[in-house]
Amino acid sequence: MASPALDKPPYTLHNLPYGVISTNAERSPRCAVAIGDMVLDLVKYAKAGKLTSLESGHNFSFEKIFAEPALNTFASLPWPTRRTVREQIQSDLQSGSVPSSCFEALKDVENHLPMKIGGYSDFYTSLEHCQNCSAFMSAAAIPKNWFYTPSVYNSRASSVIPTSRDIRRPKNVYFSGGIDSEPTYGPTRKMDYELEMGYFVSSPIPLGERMPIEQAKEHIFGFVLLNDWSARDHQLFEMRPLGPFHSKGFGTTISNWIVPMEALEPFSCAPNTKQDPPPFEHLTWPEPKEGALDVKLRIKLVRDGKGTILGKSNLKYMYWTPYQQLTHHAQSGCGTISGSGVNQNGEKAELGCLYEAAQTKTNVLPKGSGEYEEGYLEDGDEIILEGWCEDGQGNVAIGFGECRGRIVPPYR
């Protein structure tokens, strides 16, 4: 079955993703929900008295919570409370009882980062991605410990930006002619994307406490698409001995709307890969057939006004699932998502980045101008990540919108 054309905003009644917006008339960022090609201003919605009954017995005001320039306070509310708010919004939208003054046109709003990001952990948990990128690990095989706990490192939270901000080609030190050759300084010649998904944690685990894996869902507020932009030649220079720094910290683009955990629950499924050896007890999901999420993913390139599909994947391909990742994280969200699928020509079609294409000798990009390394991104290239879930008939049931960014030339 061909992938659908996501030419309409995929924000259905079953989706209702959360975001933060402002308008020309009201410049203060505030919380909102996307529905179709409209946006429901949650401050105005609460002010209209639609959530007053849900405040009874609680020491908070939804109007004040949604007037904040980030969703953190709302996300930290107990999961049953958030579910009830979502159900109320769904009911009011379905019945047509929301005042028209509460809506803005989606095309007229400016999106901001949906949450304040105090920390950003990057997981390395796709088996196919590890197999294809083994050269960076300087190992012939994946290390044994990778199969026992999710691998993760702390990334740069300040690098996270909303769609559609430009990404400036970074300058740094790299080997001029392969590993351990003479170092030189300049703009990256191997600009790359990484197809990832990120999730926002709703409430932190207190220091010294642990989280049972059964509670993982209630601690995940929702998911976004994420592009972990990477400078591969800079990364090769930085990898020894402590791993990447500037090469992975100059820009991380996310989609603007957080699809809540509640919307994704109906798309629970079994993970694509059997874990061998079996995970430790604290990382074992109680219902194996519902341990992953079936989210279809696609990568598109726009070069000189022409669009090209570079690859596809699925969140369920992750060796370590988001629930296992968060449980491991809480013991003391995101990771590149690749697959093993091939196209009609036998070429790998589920690669999560261009470095994987280079390592597997797979032609992905159109021929470049020659200014930078062939097979990597050019200045002016725009990468668009898309994600969606389908119903039983193959129709788009919910979508994540676009995660979009364009490469601009380096500072001279």
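Everything in this summary refers to the structure shown in the same document. (Residues numbered from 1 in each chain as written. Predicted model: local features only at pLDDT ≥ 70, side-chain atom pairs only at ≥ 80, totals over all residues. Heavy atoms only, no water.)

## Digging into the overall build of the protein
And then number 1: On a plain count of helices and strands, the protein comes out with ten helices and 24 strands.
And then number 2: Relative to the compact-globule value of 22 Å for 412 residues, the protein shows a C-alpha radius of gyration of 21 Å, a close match.
And then number 3: Counting only C-alpha atoms, the protein reaches 65 × 50 × 45 Å along its principal axes.
And then number 4: Per-residue burial over the protein gives 51% buried out of 412 residues.
And then number 5: Of the roughly 18,600 Å² that the protein leaves accessible, carbon and sulfur atoms contribute 50%. (Helix = DSSP H or I, 4+ residues; strand = E, 2+ residues; numbered from the N terminus. Rg over C-alpha atoms; globule rule 2.2 N^0.38 Å. Buried < 20%, exposed > 50% of the residue type's maximum accessible area, 1.4 Å probe, protein only. Areas by Shrake-Rupley, 256 points an atom, 1.4 Å probe, with all protein chains shown as cover.)

## Things to note about the pairing of strand S23 (residues 382-390)
And then number 1: Burial runs high along S23: nine of the nine residues are buried.
And then number 2: Residues of S23 alternate between two faces, with Glu382, Ile384, Glu386, Trp388 and Glu390 on one and Ile383, Leu385, Gly387 and Cys389 on the opposite face, all of them buried.
And then number 3: Bridge analysis of strand S20 (residues 296-303) against S23 gives seven bridges, and the strand direction is antiparallel. Pairing of Lys300 across the sheet is with Ile384, part of S23.
And then number 4: Alignment of S23 against strand S24 (residues 396-408), held across eight bridges, turns out to be antiparallel. Its bridge partner being in S24, Leu385 is matched across the sheet by Cys403.
And then number 5: Between the antiparallel neighbours S23 and S24 lie five residues, among them Gly394 with a positive phi of about 85°. (Pairing = 2+ DSSP bridges.)

## A short note on the environment of Leu264
And then number 1: Tracing the chain through its elements places Leu264 in helix H8 (residues 261-264).
And then number 2: In the structure, Leu264 is positioned 13 residues away from Pro277 in sequence and 28 Å away in space, judged by C-alpha atoms.
And then number 3: In contact with Leu264, other than residues within four places in its own chain, are Phe223, Val259, Leu293, Val295, Cys389, Ile398 and Phe400. (Contact = heavy atoms within 4.5 Å.)

## What about helix H9 (residues 322-329)?
And then number 1: Within H9, six of the eight residues are buried, leaving the element largely enclosed by the surrounding structure.
And then number 2: Pro322, Tyr323, Gln324, Gln325, Leu326 and Thr327 are the residues of H9 that are buried.

## Digging into the pattern of salt bridges
And then number 1: Tallied over the entire structure, the rule returns 20 salt bridges.
And then number 2: Here Lys44 and Glu26 are joined by a salt bridge, their closest N and O atoms 3.0 Å apart. In this pair, Lys44 is assigned in helix H1 (residues 42-47) and Glu26 in the loop between strand S1 (18-22) and strand S2 (30-35), connecting sequence segments 18 residues apart.
And then number 3: For Glu26, a relative accessible area of 33% puts it in the partly exposed group.
And then number 4: Note that Glu382 is salt-bridged to Arg404, the shortest N-O span being 2.7 Å. Here Glu382, found in strand S23, pairs with Arg404, found in strand S24; they are 22 residues apart in sequence, far enough to count as distant.
And then number 5: Overall, the relative accessible area of 17% leaves Glu382 in the buried class.
And then number 6: Judged by its relative accessible area of 21%, Arg404 falls in the partly exposed class.
And then number 7: One salt-bridge network, held together by shared partners, links Asp192, Glu194, Asp228, Arg232 and Lys248. (Salt bridge = Lys/Arg side-chain N within 4 Å of Asp/Glu carboxyl O.)

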